[in-house]
Amino acid sequence: MDFQNLIDRLDPAIYQRLKTAVETGKWPDGRRLSEEQRALSLQAVIAYEIEHDFPEQQRTGYVDTSRSSCHADDETPLKWQH
């Protein structure tokens, strides 16, 4: 089975489990994901979101670039403490 075929067969419950596993680094039973599992699961999550036309703002990894300045008027700059 190729990757696209796998994405086409994912149901919403499996998608959500994969997304949670990527976020937490653990499978539902508590076992840790290997780096390879995490990378492949992340690819599957992103592909599923694109395939199912999730709005861009709801997709994994979305970064809001409409606020281009780090020091916008409503933000307080970070102050580093020693």
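The text that follows walks through the structure, step by step, so that each part is easy to find. Because the structure is predicted, anything quoted here is derived from the model rather than measured.

### Focus: the environment of Ala47
Then comes step 1: With respect to the helices and strands, Ala47 occurs in helix α3 (residues 35–51).
Then comes step 2: Residues Ala47 and Phe3, spaced 44 residues apart in sequence, show a C-alpha to C-alpha distance of 9.4 Å.
Then comes step 3: Once residues within four sequence positions are removed from consideration, Ala47 is found in contact with Phe3 and Ile7.

### Some words on the packing of aromatic side chains
Think of a pair of aromatic rings as described by two things: how far the centres are apart, and how the planes are tilted against each other in angle.
Then comes step 1: Using the criterion set out here, one finds three aromatic pairs in the structure.
Then comes step 2: Their ring planes at 70° and their centres at 5.6 Å tell us that Tyr15 and Phe54 sit as a pair that is edge-to-face. Of the two residues, Tyr15 is situated in helix α2 (residues 12–24) and Phe54 in the segment after α3; the sequence distance between them amounts to 39 residues.
Then comes step 3: Tyr15 gets classed as buried once you look at its relative accessible area, which sits at 6%.
Then comes step 4: Taken together, the ring pairs connect Tyr15, Tyr48 and Phe54 into an aromatic cluster.

### A word on α3
Then comes step 1: An ideal rise of 1.5 Å per residue puts 24 Å on 17 residues; α3 measures up with 24 Å between its terminal C-alpha atoms.
Then comes step 2: Just downstream of α3 lies Asp53, where phi reads positive at about 50°.

### What to know about α2
Residue pairs three or four apart in sequence face the same way in an α-helix, which turns once every 3.6 residues.
Then comes step 1: For α2, spanning 13 residues, the distance from its first C-alpha to its last is 18 Å, which sits close to the expected 18 Å at 1.5 Å a residue.
Then comes step 2: Listing the buried residues of α2 in full gives Tyr15, Leu18, Lys19, Ala21 and Val22. Considered in projection along α2, the buried side chains sweep an arc of 160° and stay on one side of the axis. Exposed positions of α2 whose direction lies more than 90 degrees from the buried face are Pro12 and Glu23.
Then comes step 3: Packed against the buried residues of α2 are α3.

Parameters and conventions
Residues numbered from 1 in each chain as written. Predicted model: local features only at pLDDT ≥ 70, side-chain atom pairs only at ≥ 80, totals over all residues. Heavy atoms only, no water. Helix = DSSP H or I, 4+ residues; strand = E, 2+ residues; numbered from the N terminus. Contact = heavy atoms within 4.5 Å. Phe/Tyr/Trp six-rings, centres within 6.5 Å; stacked < 30°, edge-to-face > 60°. Buried < 20%, exposed > 50% of the residue type's maximum accessible area, 1.4 Å probe, protein only. Expected span 1.5 Å × (residues − 1). Arc of directions from axis to C-beta.

All quantities given are derived from atomic positions and should not be read as evidence of function.
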